[in-house]
Amino acid sequence: MMIAVKASPYAFKLDPNKVALAVIDMQRDFVEPGGFGDSLGNDVSRLQAIVPTVQALIGLFRQQGWPIVHTRESHLPDLSDCPPAKRNRGDAALRIGDAGPMGRLLVRGEPGNAIIDECAPIEGEIVIDKPGKGMFCATDVQSQLDALGVTQLVFAGVTTEVCVQTSMREANDRGYECLLVEDATESYFADFKAATLAMLTAQGGIVGWTAPLADLKEAVG
Ligand code: C5J
């Protein structure tokens, strides 16, 4: 039976047998001082503020027994999966692969690349290392979701207009119905978050739906 979730631009019909949660890049590299986000000059405290909400959303999916996918933006230690165009962009003192206070920035297996403890995956949950911004680019996430019969994705994580939006757009193009939980995502730029929520839901939900966690919780019961 479908569950109607109060959402923008109109109710999202959640199918408990076909839904999964995609938690995007809740990594120390983006959320903690000394990581990749910080090295680019961003205020990471904005992202820290959503951690309890993301945790609660993960808890809701665990309670329901619904699948959860966690992603990490990461590169192989030899950076063979990091296009030079990505590494060289910007004028940061530290670039991808350089040693920072939490190890090499955005490199798989380094302390800073880990998902923060509060949102850490547990056994049975899917963990995807992705070299791009989007979760489908150069990963096997689609076949893992297909194996579970997932056709709907609820999104959370950071940052709203970069990896979350890219992943949601990739999912939309692949035929998934997508709902972004508004207060379980954040950007280093408040106006970019607001613009992203607006553009995803414009034109009758051109990319998908958005809803606050409270409305999702209320619907799920
Ligand atoms: C960024 C991400 N912002 N996870 N990555 O570079 O959004």
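Everything below is about the structure shown above.
Residues numbered from 1 in each chain as written. Predicted model: local features only at pLDDT ≥ 70, side-chain atom pairs only at ≥ 80, totals over all residues. Heavy atoms only, no water.

Student: Whenever I open this one, the nonpolar core confuses me. Can you help?
Tutor: Core analysis: the biggest nonpolar cluster contains 44 residues, and Met26, Leu57, Phe61 and Leu216 have the highest contact counts within it. With six residues, the single largest contributor to this core is helix α4 (residues 51–64). Setting aside anything within four residues of it in sequence, one finds Phe61 in contact with Val19, Ala20, Leu21, Trp66, Pro67, Ile68, Val154 and Leu216. (Core = buried A, V, L, I, M, F, W, Y, C linked by side-chain atoms within 4.5 Å. Buried < 20%, exposed > 50% of the residue type's maximum accessible area, 1.4 Å probe, protein only. Helix = DSSP H or I, 4+ residues; strand = E, 2+ residues; numbered from the N terminus. Contact = heavy atoms within 4.5 Å.)

Student: How should I be thinking about the sheet that holds strand β8 (residues 152–158) in this particular structure?
Tutor: Here six strands make up an open sheet; going across it, the order is β7-β4-β3-β8-β9-β10 and the pairing parallel. Two strands lie at the open edges of the sheet, namely β7 (126–130) and β10 (209–211), each paired on one side alone. The average angle at which neighbouring strand axes cross in this sheet is 25°, direction not considered. Note: strand β4 (residues 68–73) against β7, five bridges, orientation parallel. Its bridge partner lying in β7, His70 is registered against Val127. On the sheet, helix α6 (residues 141–148) packs against β3 (19–24), β4, β7 and β8 and is oriented at approximately 160° with respect to β7. Each of β3, β4, β7, β8, β9 (177–186) and β10 touches helix α7 (residues 160–173); the most contacted strand, β8, lies at about 165° to it. (Pairing = 2+ DSSP bridges. Axes fitted to C-alpha atoms, helices over the stretch in contact; angles between N-to-C directions.)

Student: What am I meant to see in the site of the ligand here?
Tutor: Taken together, Asp25, Phe30, Phe36, Glu73, Lys133, Val158, Thr159, Val162 and Cys163 are the residues near the ligand. The contact in question runs from a nitrogen atom of the ligand to an N or O atom on the side chain of Glu73, over 2.9 Å. Protein contact buries 92% of the 230 Å² of open area that the ligand shows by itself. (Near = heavy atom within 4 Å. Polar contact = N/O pair within 3.5 Å; in protein donor to acceptor, adjacent residues only side chain to side chain. Areas by Shrake-Rupley, 256 points an atom, 1.4 Å probe, with all protein chains shown as cover.)

Student: I keep staring at the packing of α4 against helix α9 (residues 213–220) and nothing clicks. Help me out?
Tutor: The geometry of a pair of packed helices is captured by two quantities: the angle between their axes and the separation between those axes. Their axes nearest at 11 Å, the elements α4 and α9 cross at an angle of 15°. By the angle class used here, α4 and α9 are roughly parallel. Considering only the axes of α4 and α9, their crossing is left-handed. On α9, the residues that touch Thr53, Ala56, Leu57, Leu60, Phe61 and Gln64 of α4 are Leu213, Leu216, Lys217 and Val220. When grouped by side-chain class, the residues that make up the contact of α4 with α9 number seven nonpolar, two polar and one charged. (Parallel < 35°, antiparallel > 145°, perpendicular 65-115°, else oblique. Left-handed = near helix turned anticlockwise from the far one by under 90°. Nonpolar A, V, L, I, M, F, W, Y, C, P; charged D, E, K, R; others polar.)

Student: What am I meant to see in the pattern of salt bridges here?
Tutor: Between side chains of opposite charge, a pair can form when the charged atoms approach closely. Counted by the stated rule, this structure contains 10 salt bridges. The salt bridge involving Lys130 is made with Asp25; its shortest N-O contact spans 2.8 Å. With Lys130 in strand β7 and Asp25 in the loop between β3 and α1 (28–31), this residue pair connects regions lying 105 residues apart in the sequence. Note on accessibility: Lys130 and Asp25 belong to one class, buried. (Salt bridge = Lys/Arg side-chain N within 4 Å of Asp/Glu carboxyl O.)

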